[in-house]
Amino acid sequence: RYELMLDLLKPISFLVMDNFGYSWSEVEALLNALKPKPIVAFLDYVNMIELLQGQNKRDTVSEFIRSAKVYAVNNDMAIVVLAQINRSGANDNRPGLHHLKDSGTLEEVADMVLINYFPVRYDNKTFKGQIAGPEYFEIMVAKIKDYGHPKIVPVKFVGKYYRFEDLEITNG
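Attention in this report is confined to the structure presented alongside it.

1. A look at the packing of aromatic side chains
Next, step 1: Counted according to the given criterion, the structure contains eight aromatic pairs.
Next, step 2: Here the aromatic rings of Phe118 and Phe137 are separated by 5.4 Å at their centres, their planes lie at 40°, and the arrangement is tilted. Placement of the pair is Phe118 in the loop between strand 3 (112-117) and strand 4 (136-144) and Phe137 in strand 4, with a sequence separation of 19 residues.
Next, step 3: Note on Phe157 and Phe164: the rings are 5.3 Å apart at their centroids and 45° apart in plane angle, and the pair reads as tilted.
Next, step 4: Among the aromatic residues, ring-to-ring pairing joins Phe118, Phe137, Phe157, Tyr162 and Phe164 into one connected group.

Here it is, written out as structure tokens:
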């Protein structure tokens, strides 16, 4: 299985940068240097960016997010920015947009915001109030530009493989 997975991943280019404290100018320079230019960049996670001199965390994150949005639009690519839920969001029944740590600008600027929720770690209830099974996981589409209201997509989380699958819904 491992060899099969490696064969599937061969045509995909990955660049993993596990240092932290990048500024937007460093991320931009890295993206500009990549050949071919990626169609999607994942930035994990926005709360670890380097603080700009004389700015607080909120202002720095705001500037970073706005710069990423402009870059994505100008370069016809997607940028997926990961953020952490603040402590009150982690302790409340369900996290929402207002729980994005130091990242109010994410809500404002993003075309789409997805929030992961694993009920087993909290109250063990689905969004419909039912008891959640150990593999039940929810992806909340908290914002989707020009589309409509938030939606919750229930999925099956297969922890052994860190994979999500369609959830079989049973009536009864």
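That shown, we press on.
2. A closer look at the pattern of salt bridges
Next, step 1: Scanning the model with the defined rule gives five salt bridges in all.
Next, step 2: A salt bridge links Glu135 to Lys156; the nearest nitrogen and oxygen atoms lie 3.7 Å apart. In this pair, Glu135 sits in the loop between strand 3 and strand 4 while Lys156 sits in strand 5 (residues 151-158), placing the two residues 21 residues apart along the sequence.
Next, step 3: Glu135 gets classed as partly exposed once you look at its relative accessible area, which sits at 37%.
Next, step 4: In this structure, Glu165 and Arg163 form a salt bridge, with 2.8 Å as the shortest nitrogen-oxygen distance.
Next, step 5: Since its relative accessible area comes to 27%, Glu165 is described here as partly exposed.
Next, step 6: Where salt bridges share partners, they join Lys69, Asp111 and Lys145 into one cluster.

3. Description of the environment of Tyr147
Next, step 1: Along the polypeptide, Tyr147 turns up in the loop between strand 4 and strand 5.
Next, step 2: A relative accessible area of 58% places Tyr147 in the exposed class.
Next, step 3: Expressed as a C-alpha distance, the spacing of Tyr147 and Asp111, which sit 36 residues apart in the sequence, is 9.9 Å.

4. A closer look at the sheet that holds strand 3
Next, step 1: Strand order in the open sheet formed by four strands is 3-4-5-6, with antiparallel pairing between adjacent strands. Two strands close off the open sheet at either side, each with one partner strand: strand 3 and strand 6 (163-166). Sheet twist, expressed as the average angle between the axes of neighbouring strands with direction ignored, equals 40°.
Next, step 2: Bridge count for strand 5 against strand 6 is four bridges, and the pairing is antiparallel. Its bridge partner lying in strand 6, Val158 is registered against Arg163.

5. Focus on helix 2 (residues 24-33)
Next, step 1: Those residues of helix 2 that fall on the buried side of the exposure criterion are Trp24, Val27 and Leu31. Buried residues of helix 2, seen end-on, are gathered within an arc of 65° and therefore sit on one face of the element.
Next, step 2: Residues of helix 2 that are buried sit in contact with strand 1 (40-44), helix 3 (57-74) and strand 2 (78-82).

Conventions and cut-offs
Residues numbered from 1 in each chain as written. Predicted model: local features only at pLDDT ≥ 70, side-chain atom pairs only at ≥ 80, totals over all residues. Heavy atoms only, no water. Phe/Tyr/Trp six-rings, centres within 6.5 Å; stacked < 30°, edge-to-face > 60°. Helix = DSSP H or I, 4+ residues; strand = E, 2+ residues; numbered from the N terminus. Salt bridge = Lys/Arg side-chain N within 4 Å of Asp/Glu carboxyl O. Buried < 20%, exposed > 50% of the residue type's maximum accessible area, 1.4 Å probe, protein only. Pairing = 2+ DSSP bridges. Axes fitted to C-alpha atoms, helices over the stretch in contact; angles between N-to-C directions. Arc of directions from axis to C-beta. Contact = heavy atoms within 4.5 Å.

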